[in-house]
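Topology and contacts: notes
For reference, the chains in residue letters:
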There are 2 protein chains.
Amino acid sequence: MGATKTAHFTGKQNSIATLAKALGHPARVAIVEYLIKVDACICGDIVNELPLAQPTVSQHLKELKNAGLIKGSIEGNAICYCIDERAIEKLQTYFGSISTKLTTRKNNCC
Amino acid sequence: MGATKTAHFTGKQNSIATLAKALGHPARVAIVEYLIKVDACICGDIVNELPLAQPTVSQHLKELKNAGLIKGSIEGNAICYCIDERAIEKLQTYFGSISTKLTTRKNNCC
DNA sequence: AATCTATATCGTAATATTGCAATATTAAAA
DNA sequence: TTTTAATATTGCAATATTACGATATAGATT
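Overview of the structure. Here the structure is a predicted model, which is why all the values come from computation and not from measurement.

Reading the values: the criteria
Chains are numbered independently. Their residues run from 1 in the order of the written sequence. By the order in which they are written, chains take letters starting at A while ligands take numbers starting at 1. The model is predicted, so local features are restricted to residues of pLDDT at least 70 and side-chain atom pairs to those at 80 or more, both for listing and for counting; the totals for chains, interfaces and linings are taken over all residues. Computation of side-chain values covers all heavy atoms of the structure but excludes hydrogens and water. Runs of E in the DSSP output that reach at least two residues are strands. Runs of H or I that reach at least four are helices, and both are numbered from the N terminus. We compute the radius of gyration over the C-alpha atoms and compare it with the globule rule, which gives 2.2 Å times the number of residues raised to the power 0.38. For every residue, the accessible area (1.4 Å probe, protein chains only) is compared with the maximum for its type, and the residue is labelled buried under 20%, exposed over 50%, or partly exposed between those bounds. How far a helix is expected to stretch is found by multiplying one less than its residue total by 1.5 Å. Two residues qualify as a contact provided that any one of their heavy atoms is within 4.5 Å of a heavy atom in the partner residue. The fit set for superposing copies consists of C-alpha atoms from residues with pLDDT of at least 70 in both; the fit itself is least squares. By salt bridge we mean one thing: a side-chain nitrogen of Lys or Arg within 4 Å of a carboxyl oxygen of Asp or Glu.

1. Looking at the overall build of chain A
Assigned secondary structure in chain A consists of 5 helices and 3 strands. Traced from its N-terminal end to its C-terminal end, chain A shows the element sequence α-α-β-α-α-β-β-α. Relative to the 2.2 N^0.38 estimate, which gives 13 Å for 110 residues, the radius of gyration of chain A is 17 Å and therefore markedly larger than a compact globule would have. Each of the three principal axes of chain A carries a C-alpha extent, and together these read 55 × 40 × 25 Å. Counting over 110 residues, chain A shows a buried share of 45%.

2. Quick look at helix H1 (residues 11-22) of chain A
In this model H1(A) runs 17 Å from its N-terminal to its C-terminal C-alpha over 12 residues, within 8% of the 16 Å that 1.5 Å per residue would give. Of the residues making up H1(A), those classed as buried are A:Gln13, A:Asn14, A:Ile16, A:Ala17, A:Leu19, A:Ala20 and A:Ala22. Here the buried face of H1(A) lies against helix H2 (26-37), helix H4 (54-66) and helix H5 (85-103) of chain A together with helix H1 (11-22) and helix H2 (26-37) of chain B.

3. So, the environment of B:Ala78
Summarising the element assignment, B:Ala78 is placed in strand E3 (residues 78-83). Between the C-alpha atom of B:Ala78 and that of B:Gly44, which follows or precedes it by 34 residues, the distance is 6.4 Å.

4. With respect to the relation of the copies chain A and chain B
With an RMSD of 0.0 Å, the operation that places chain A on chain B is a rotation of 180 degrees combined with a shift of 0.0 Å along the axis. Overall, the copies show the geometry of a two-fold rotation axis. Counting the interface residues of chain A, we find that 100% of their copies in chain B are interface residues as well, pointing to one common contact surface.

5. Thoughts on the pattern of salt bridges
In the structure shown here, the tally under the stated rule is 4 salt bridges over all chains. Measuring nitrogen to oxygen at the nearest pair gives 2.7 Å for the salt bridge that ties A:Arg86 to A:Asp84. Two residues, B:Arg28 and B:Glu63, come together in a salt bridge whose shortest N-O distance is 2.9 Å. Of the two residues, B:Arg28 sits in helix H2 while B:Glu63 sits in helix H4 (residues 54-66), which places them 35 residues apart along the sequence. Accessibility expressed as a relative area gives 33% for B:Glu63, which makes it partly exposed.

Listed below in C-alpha coordinates is the structure:
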(Lines give C-alpha, C1' and ligand atoms only; values in the text may rest on other atoms or scores of the structure.)
Protein backbone atom coordinates (compact mmCIF):
# COMPACT_ATOMS: atom_id res chain seq x y z
CA MET A 1 0.00 0.00 0.00
CA GLY A 2 0.94 3.63 0.04
CA ALA A 3 -0.80 4.72 -3.15
CA THR A 4 -3.93 6.86 -2.97
CA LYS A 5 -7.14 4.99 -3.81
CA THR A 6 -8.36 7.53 -6.35
CA ALA A 7 -10.71 5.07 -8.01
CA HIS A 8 -13.05 5.10 -5.04
CA PHE A 9 -13.85 8.79 -5.16
CA THR A 10 -15.74 11.00 -7.58
CA GLY A 11 -14.09 12.82 -10.45
CA LYS A 12 -14.73 16.14 -8.83
CA GLN A 13 -13.28 15.05 -5.51
CA ASN A 14 -10.16 13.82 -7.26
CA SER A 15 -9.95 16.97 -9.32
CA ILE A 16 -10.14 19.25 -6.28
CA ALA A 17 -7.67 17.06 -4.43
CA THR A 18 -5.21 17.27 -7.34
CA LEU A 19 -5.36 21.06 -7.42
CA ALA A 20 -5.15 21.32 -3.64
CA LYS A 21 -2.24 18.90 -3.51
CA ALA A 22 -0.35 21.01 -6.04
CA LEU A 23 -0.74 23.98 -3.72
CA GLY A 24 0.16 21.84 -0.72
CA HIS A 25 3.74 23.03 -0.70
CA PRO A 26 4.83 26.57 0.21
CA ALA A 27 7.25 26.75 -2.72
CA ARG A 28 4.42 26.14 -5.14
CA VAL A 29 2.20 28.66 -3.38
CA ALA A 30 5.08 31.12 -3.69
CA ILE A 31 5.45 30.40 -7.41
CA VAL A 32 1.76 30.97 -8.05
CA GLU A 33 1.82 34.18 -6.00
CA TYR A 34 4.87 35.41 -7.88
CA LEU A 35 3.26 34.75 -11.24
CA ILE A 36 0.25 36.75 -10.13
CA LYS A 37 2.32 39.53 -8.61
CA VAL A 38 4.32 40.24 -11.73
CA ASP A 39 1.06 40.22 -13.65
CA ALA A 40 2.63 38.64 -16.69
CA CYS A 41 4.13 35.56 -18.16
CA ILE A 42 7.58 35.04 -16.82
CA CYS A 43 10.50 33.82 -18.78
CA GLY A 44 13.31 33.08 -16.36
CA ASP A 45 13.40 34.75 -12.96
CA ILE A 46 11.47 32.10 -11.09
CA VAL A 47 14.54 30.26 -9.88
CA ASN A 48 16.02 33.48 -8.50
CA GLU A 49 12.83 34.19 -6.58
CA LEU A 50 12.95 30.98 -4.59
CA PRO A 51 15.32 29.69 -1.90
CA LEU A 52 15.67 26.37 -3.68
CA ALA A 53 18.05 24.90 -6.22
CA GLN A 54 17.21 25.03 -9.90
CA PRO A 55 16.32 21.35 -10.31
CA THR A 56 13.99 21.56 -7.33
CA VAL A 57 12.22 24.59 -8.74
CA SER A 58 11.96 22.89 -12.11
CA GLN A 59 10.32 19.94 -10.41
CA HIS A 60 7.80 22.12 -8.59
CA LEU A 61 6.97 23.89 -11.85
CA LYS A 62 6.37 20.53 -13.47
CA GLU A 63 3.96 19.54 -10.73
CA LEU A 64 2.05 22.78 -10.99
CA LYS A 65 1.84 22.24 -14.72
CA ASN A 66 0.67 18.64 -14.39
CA ALA A 67 -2.03 19.73 -11.99
CA GLY A 68 -3.17 22.36 -14.48
CA LEU A 69 -2.37 25.36 -12.31
CA ILE A 70 0.15 26.92 -14.65
CA LYS A 71 0.87 26.88 -18.35
CA GLY A 72 4.32 27.00 -19.90
CA SER A 73 5.26 27.83 -23.45
CA ILE A 74 8.69 27.87 -25.01
CA GLU A 75 9.84 31.38 -25.75
CA GLY A 76 13.10 31.07 -27.63
CA ASN A 77 15.81 30.14 -25.20
CA ALA A 78 13.67 30.48 -22.07
CA ILE A 79 10.26 29.19 -21.02
CA CYS A 80 7.32 31.37 -20.39
CA TYR A 81 5.14 30.42 -17.44
CA CYS A 82 1.82 31.83 -16.38
CA ILE A 83 -1.21 31.01 -14.30
CA ASP A 84 -3.96 28.92 -15.79
CA GLU A 85 -6.96 30.93 -14.71
CA ARG A 86 -9.34 28.03 -15.09
CA ALA A 87 -7.72 26.20 -12.18
CA ILE A 88 -7.91 29.20 -9.87
CA GLU A 89 -11.49 29.74 -10.94
CA LYS A 90 -12.32 26.13 -10.11
CA LEU A 91 -10.89 26.51 -6.63
CA GLN A 92 -12.55 29.85 -6.06
CA THR A 93 -15.92 28.50 -7.15
CA TYR A 94 -15.49 25.41 -5.01
CA PHE A 95 -14.60 27.20 -1.79
CA GLY A 96 -17.10 29.94 -2.51
CA SER A 97 -19.90 27.42 -2.75
CA ILE A 98 -18.79 25.63 0.40
CA SER A 99 -18.57 28.93 2.21
CA THR A 100 -22.08 29.84 1.14
CA LYS A 101 -23.41 26.50 2.33
CA LEU A 102 -21.76 27.05 5.69
CA THR A 103 -23.18 30.51 6.27
CA THR A 104 -26.72 29.51 5.35
CA ARG A 105 -26.85 26.30 7.30
CA LYS A 106 -29.14 25.73 10.22
CA ASN A 107 -27.20 23.40 12.47
CA ASN A 108 -24.20 25.01 14.00
CA CYS A 109 -23.50 22.76 16.90
CA CYS A 110 -19.75 23.04 17.37
CA MET B 1 16.53 15.63 2.37
CA GLY B 2 12.89 14.93 1.84
CA ALA B 3 11.54 17.42 4.34
CA THR B 4 9.83 20.59 3.17
CA LYS B 5 11.85 23.77 3.74
CA THR B 6 9.04 25.64 5.47
CA ALA B 7 11.40 28.10 7.15
CA HIS B 8 12.16 29.78 3.85
CA PHE B 9 8.62 30.85 3.09
CA THR B 10 6.22 33.32 4.63
CA GLY B 11 3.75 32.41 7.34
CA LYS B 12 0.85 32.95 4.99
CA GLN B 13 2.38 30.81 2.28
CA ASN B 14 2.93 28.02 4.78
CA SER B 15 -0.54 28.42 6.17
CA ILE B 16 -2.20 28.18 2.77
CA ALA B 17 0.02 25.25 1.86
CA THR B 18 -0.97 23.44 5.05
CA LEU B 19 -4.67 23.85 4.36
CA ALA B 20 -4.26 22.93 0.70
CA LYS B 21 -2.20 19.89 1.58
CA ALA B 22 -4.90 18.68 3.94
CA LEU B 23 -7.34 18.80 1.04
CA GLY B 24 -4.81 17.19 -1.27
CA HIS B 25 -6.35 13.77 -0.84
CA PRO B 26 -9.76 12.76 -2.24
CA ALA B 27 -10.73 10.99 0.99
CA ARG B 28 -10.26 14.21 2.94
CA VAL B 29 -12.18 16.19 0.34
CA ALA B 30 -14.94 13.61 0.68
CA ILE B 31 -14.94 13.93 4.46
CA VAL B 32 -15.23 17.70 4.31
CA GLU B 33 -18.01 17.46 1.71
CA TYR B 34 -19.87 14.95 3.84
CA LEU B 35 -19.68 17.14 6.93
CA ILE B 36 -21.10 20.01 4.92
CA LYS B 37 -23.77 17.87 3.27
CA VAL B 38 -25.23 16.58 6.50
CA ASP B 39 -25.25 20.13 7.79
CA ALA B 40 -24.39 19.09 11.31
CA CYS B 41 -21.80 17.70 13.58
CA ILE B 42 -21.44 14.01 12.99
CA CYS B 43 -20.86 11.46 15.67
CA GLY B 44 -20.00 8.19 13.96
CA ASP B 45 -21.03 7.56 10.36
CA ILE B 46 -17.89 8.89 8.74
CA VAL B 47 -16.20 5.52 8.51
CA ASN B 48 -19.26 4.02 6.84
CA GLU B 49 -19.29 6.81 4.27
CA LEU B 50 -15.81 6.09 2.99
CA PRO B 51 -14.32 3.15 1.09
CA LEU B 52 -11.42 2.93 3.51
CA ALA B 53 -10.69 0.98 6.65
CA GLN B 54 -11.38 2.53 10.03
CA PRO B 55 -7.75 3.22 11.01
CA THR B 56 -7.19 4.92 7.66
CA VAL B 57 -10.21 7.16 8.10
CA SER B 58 -9.12 7.95 11.63
CA GLN B 59 -5.74 9.01 10.29
CA HIS B 60 -7.31 11.27 7.66
CA LEU B 61 -9.53 12.85 10.30
CA LYS B 62 -6.46 13.53 12.40
CA GLU B 63 -4.75 15.28 9.51
CA LEU B 64 -7.78 17.43 8.79
CA LYS B 65 -7.90 18.32 12.46
CA ASN B 66 -4.19 19.15 12.64
CA ALA B 67 -4.54 21.40 9.61
CA GLY B 68 -7.45 23.17 11.32
CA LEU B 69 -10.09 22.18 8.78
CA ILE B 70 -12.28 20.28 11.19
CA LYS B 71 -13.00 20.29 14.90
CA GLY B 72 -13.77 17.25 17.00
CA SER B 73 -15.36 17.07 20.40
CA ILE B 74 -16.01 14.05 22.53
CA GLU B 75 -19.70 13.24 22.76
CA GLY B 76 -20.07 10.43 25.25
CA ASN B 77 -18.95 7.27 23.57
CA ALA B 78 -18.45 8.76 20.12
CA ILE B 79 -16.69 11.79 18.71
CA CYS B 80 -18.46 14.66 17.08
CA TYR B 81 -16.75 16.16 14.05
CA CYS B 82 -17.58 19.30 12.18
CA ILE B 83 -16.09 21.82 9.79
CA ASP B 84 -14.03 24.66 11.17
CA GLU B 85 -15.49 27.53 9.19
CA ARG B 86 -12.46 29.72 9.70
CA ALA B 87 -10.31 27.45 7.54
CA ILE B 88 -12.81 27.39 4.69
CA GLU B 89 -13.16 31.13 4.95
CA LYS B 90 -9.38 31.55 4.72
CA LEU B 91 -9.28 29.48 1.56
CA GLN B 92 -12.26 31.24 0.07
CA THR B 93 -10.77 34.64 0.75
CA TYR B 94 -7.42 33.59 -0.62
CA PHE B 95 -8.69 32.21 -3.91
CA GLY B 96 -11.24 34.98 -4.21
CA SER B 97 -8.53 37.59 -3.97
CA ILE B 98 -6.31 35.76 -6.46
CA SER B 99 -9.24 35.43 -8.81
CA THR B 100 -9.93 39.16 -8.59
CA LYS B 101 -6.31 39.97 -9.31
CA LEU B 102 -6.44 37.74 -12.36
CA THR B 103 -9.56 39.29 -13.85
CA THR B 104 -8.35 42.84 -13.39
CA ARG B 105 -4.83 42.34 -14.65
CA LYS B 106 -3.53 43.98 -17.79
CA ASN B 107 -1.08 41.46 -19.16
CA ASN B 108 -2.75 38.35 -20.41
CA CYS B 109 -0.12 36.91 -22.67
CA CYS B 110 -0.74 33.17 -22.51
C1' DA C 1 -18.17 -6.64 36.19
C1' DA C 2 -18.48 -8.22 31.42
C1' DT C 3 -19.53 -6.80 26.99
C1' DC C 4 -20.32 -3.87 23.22
C1' DT C 5 -19.37 0.20 20.34
C1' DA C 6 -16.72 3.92 18.60
C1' DT C 7 -12.49 5.67 17.92
C1' DA C 8 -7.41 6.00 18.41
C1' DT C 9 -2.76 4.22 18.26
C1' DC C 10 0.99 1.06 16.96
C1' DG C 11 3.62 -1.27 13.74
C1' DT C 12 4.78 -1.95 9.26
C1' DA C 13 4.85 -2.40 4.14
C1' DA C 14 4.29 0.04 -0.16
C1' DT C 15 4.67 4.14 -2.40
C1' DA C 16 5.30 9.20 -2.98
C1' DT C 17 7.57 13.56 -2.14
C1' DT C 18 11.38 16.66 -1.41
C1' DG C 19 15.78 18.30 -2.50
C1' DC C 20 20.00 18.54 -4.90
C1' DA C 21 24.44 17.37 -7.57
C1' DA C 22 25.56 15.95 -11.91
C1' DT C 23 24.41 15.89 -16.44
C1' DA C 24 21.64 16.56 -20.64
C1' DT C 25 19.21 19.51 -23.83
C1' DT C 26 18.29 23.35 -26.66
C1' DA C 27 18.41 27.77 -28.50
C1' DA C 28 20.73 32.21 -28.61
C1' DA C 29 25.14 34.73 -28.80
C1' DA C 30 29.80 35.26 -29.88
C1' DT D 1 31.00 26.33 -34.60
C1' DT D 2 32.17 26.95 -29.90
C1' DT D 3 30.39 29.03 -25.95
C1' DT D 4 26.89 30.69 -22.98
C1' DA D 5 22.36 30.73 -20.78
C1' DA D 6 18.02 28.67 -19.42
C1' DT D 7 15.70 24.83 -18.31
C1' DA D 8 14.91 19.76 -17.95
C1' DT D 9 16.15 15.08 -16.68
C1' DT D 10 18.51 11.51 -14.10
C1' DG D 11 19.82 9.33 -10.01
C1' DC D 12 19.77 9.06 -5.39
C1' DA D 13 19.26 9.82 -0.29
C1' DA D 14 16.18 11.44 3.31
C1' DT D 15 11.72 11.81 4.70
C1' DA D 16 6.60 11.70 4.38
C1' DT D 17 2.25 9.65 3.10
C1' DT D 18 -1.09 6.04 2.49
C1' DA D 19 -3.25 2.01 3.95
C1' DC D 20 -4.48 -1.54 7.05
C1' DG D 21 -4.25 -5.49 10.62
C1' DA D 22 -3.78 -5.87 15.33
C1' DT D 23 -4.44 -3.90 19.48
C1' DA D 24 -5.55 -0.34 22.91
C1' DT D 25 -8.79 2.84 25.11
C1' DA D 26 -12.89 4.62 26.99
C1' DG D 27 -17.61 5.39 27.57
C1' DA D 28 -22.25 3.02 27.17
C1' DT D 29 -25.07 -1.00 27.81
C1' DT D 30 -26.31 -5.15 29.78
